[in-house]
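Survey of secondary and tertiary structure
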Amino acid sequence: MAGLSLRNVKKSFGEVAVVHGVDLEIADREFVVFVGPSGCGKSTLLRMIAGLEDITAGEIAIDGRVVNELDPKDRDIAMVFQDYALYPHMTVFENMAFSLRYRGIDRQEIRRRVDEAAHILDIEPYIARMPRQLSGGQRQRVAMGRAIVRDPKVFLFDEPLSNLDAKLRVQMRTEIKRLRERVATTTIYVTHDQVEAMTLADRIVILNHGRIEQIGTPEDVYDRPASTFVAGFIGAPP
Ligand code: ADP
Ligand code: MG
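Residues numbered from 1 in each chain as written. Chains lettered and ligands numbered in written order. Predicted model: local features only at pLDDT ≥ 70, side-chain atom pairs only at ≥ 80, totals over all residues.

In the nomenclature of an unreviewed UniProt entry, the protein is known as Sugar ABC transporter ATP-binding protein of Reyranella soli. Per UniProt, the protein has the following entry under Subcellular location (unreviewed entry): "Cell inner membrane". The Sequence similarities (unreviewed entry) field of the UniProt record for the protein holds the comment "Belongs to the ABC transporter superfamily." (UniProt positions renumbered as here; feature names shortened; annotations may be inferred.)

See below:
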């Protein structure tokens, strides 16, 4: 069980308020997609949930336990970034094993988890390579593998496919769908790609200027936009 709740979560940088009191309940195993214009606060929200950014006010809870004061490493959350952020001097195997080693997990178990993730993501042939020897799509798979091996309570994805070309993006979208079926973990996934949002989401959250404009299933949002902003944003060409 790993539900995630945000209660009146706010963020200001100095005098500037960028998140204005977000309330959101995400169910265990639910896959929620955040969409919204650039600068509306999507990354800031993820970073606050992950603990990479302090919150100005409000409460973030995982499984009913408030995590506001917890270090990122104690939150049991894995985040995948747009730029992959792989360790350049480690092999693919070491990239995936690293966070398990410093958690004190034994070698056999590390091997088992890395092999399983490599299998799911189809990166077994590259396990001994360095990140610079991989294509963009392969690097992104390693970044996902690094998140999966930890078996976290919550996954956060911040535009993970936006550096890939259109063809690879379509392929990776299918991979993420498959992954979602095999590893059903509570997820927030940020994207600016509406097809991605439509095909992956249980529910879509539409953000605008640090506020939620609408929350609903893809059908709700596309068939019954709640505001002219949502209608304009959803209808706009990419
Ligand atoms: P999104 O991911 O939706 O594009 P962000 O969460 O990155 O938006 O940014 C939301 C707003 O907060 C933007 O106006 C951005 O300029 C501002 N912001 C983000 N990080 C910082 C920071 N470290 N210092 C000051 N302003 C920031
Ligand atoms: Mg962002």
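Moving on from the model shown.
**Things to note about the sheet that holds strand 1 (residues 4-13)**
Reading across the sheet, the four strands line up as 2-1-4-5 and stay open at both edges, with antiparallel pairing between neighbours. Whereas interior strands pair on both sides, the edge strands pair on one side only; in this sheet they are strand 2 (16-26) and strand 5 (65-66). Sheet strands in contact with helix 1 (residues 42-50) are strand 1, strand 2 and strand 4 (57-62), and its direction is about 65 degrees off that of strand 2. (Pairing = 2+ DSSP bridges. Helix = DSSP H or I, 4+ residues; strand = E, 2+ residues; numbered from the N terminus. Contact = placed C-beta atoms within 7 Å. Axes fitted to C-alpha atoms, helices over the stretch in contact; angles between N-to-C directions.)

**Side note on the UniProt feature "domain: ABC transporter" (unreviewed entry) in the protein**
Cross-referencing UniProt, the feature "domain: ABC transporter" (unreviewed entry) maps to residues 4-234 in the present numbering. Helix makes up 36% of residues 4-234 and strand makes up 26%, while its end C-alpha atoms are separated by 26 Å.

**Notes on the packing of helix 3 (residues 107-121) against helix 4 (residues 136-148)**
Packing of helix 3 against helix 4 brings their axes to within 9 Å, and their N-to-C directions diverge by 140 degrees. Accordingly, the angle class assigned to the pair helix 3 and helix 4 is oblique. As helix 3 runs across helix 4, the sense of the crossing is right-handed. Facing Ala117, Ala118, Ile120 and Leu121 of helix 3, the residues of helix 4 in contact are Arg141, Met144, Gly145 and Ile148. Tallied by class, the residues present in the contact of helix 3 with helix 4 amount to six nonpolar, one polar and one charged. (Parallel < 35°, antiparallel > 145°, perpendicular 65-115°, else oblique. Left-handed = near helix turned anticlockwise from the far one by under 90°. Nonpolar A, V, L, I, M, F, W, Y, C, P; charged D, E, K, R; others polar.)

**Observations regarding the sheet that holds strand 7 (residues 154-158)**
What the six strands build is an open sheet, ordered 6-7-8-3-9-10; its pairing is mixed. With partners counted over all chains shown, the strands left at the sheet margins are strand 6 (77-80) and strand 10 (211-216), one partner each. Direction aside, neighbouring strands of the sheet carry axes that sit 20 degrees apart on average. Across five bridges, strand 7 lies against strand 8 (residues 186-190) in parallel orientation. Note that in strand 8 the partner of Phe155 across the bridge is Thr187. Taken strand by strand, helix 1 contacts strand 3 (31-35), strand 6, strand 7, strand 8 and strand 9 (203-208), and its axis lies near 150 degrees from that of strand 7.

**Structural notes on the nonpolar core**
Ranked by internal contacts, the top residues of the largest apolar core, which has 64 residues, are Val33, Met96, Leu156, Ile204 and Ile206. Apart from residues lying up to four places away in sequence, Ile206 is in contact with Val35, Gly36, Glu213, Gln214, Val221, Val230 and Phe233. (Core = buried A, V, L, I, M, F, W, Y, C linked by C-beta atoms within 7 Å. Buried ≥ 20, exposed ≤ 12 C-beta atoms within 10 Å, placed from the backbone.)

**Some points on the pairing of strand 1**
Bridging between strand 1 and strand 2 involves eight bridges; their strand directions are antiparallel. If you follow Lys11 over to strand 2, its bridge partner there is Val19. Hairpin connection of strand 1 to strand 2: two residues between the antiparallel strands, including Gly14 at a positive phi of 60 degrees. Note that strand 1 and strand 4 share five bridges and pair antiparallel. Residue pairing in the sheet places Arg7 in a bridge with Glu59 of strand 4.

**A short note on the environment of Asp202**
As for its placement among the helices and strands, Asp202 is situated in the loop between helix 6 (194-200) and strand 9. What makes Asp202 partly exposed here is the crowd of 15 C-beta atoms within 10 Å. C-alpha separation for the pair Asp202 and Val32, spaced 170 residues apart in sequence, amounts to 5.9 Å. Among residues more than four places away in sequence, those in contact with Asp202 are Glu30, Phe31 and Val32.

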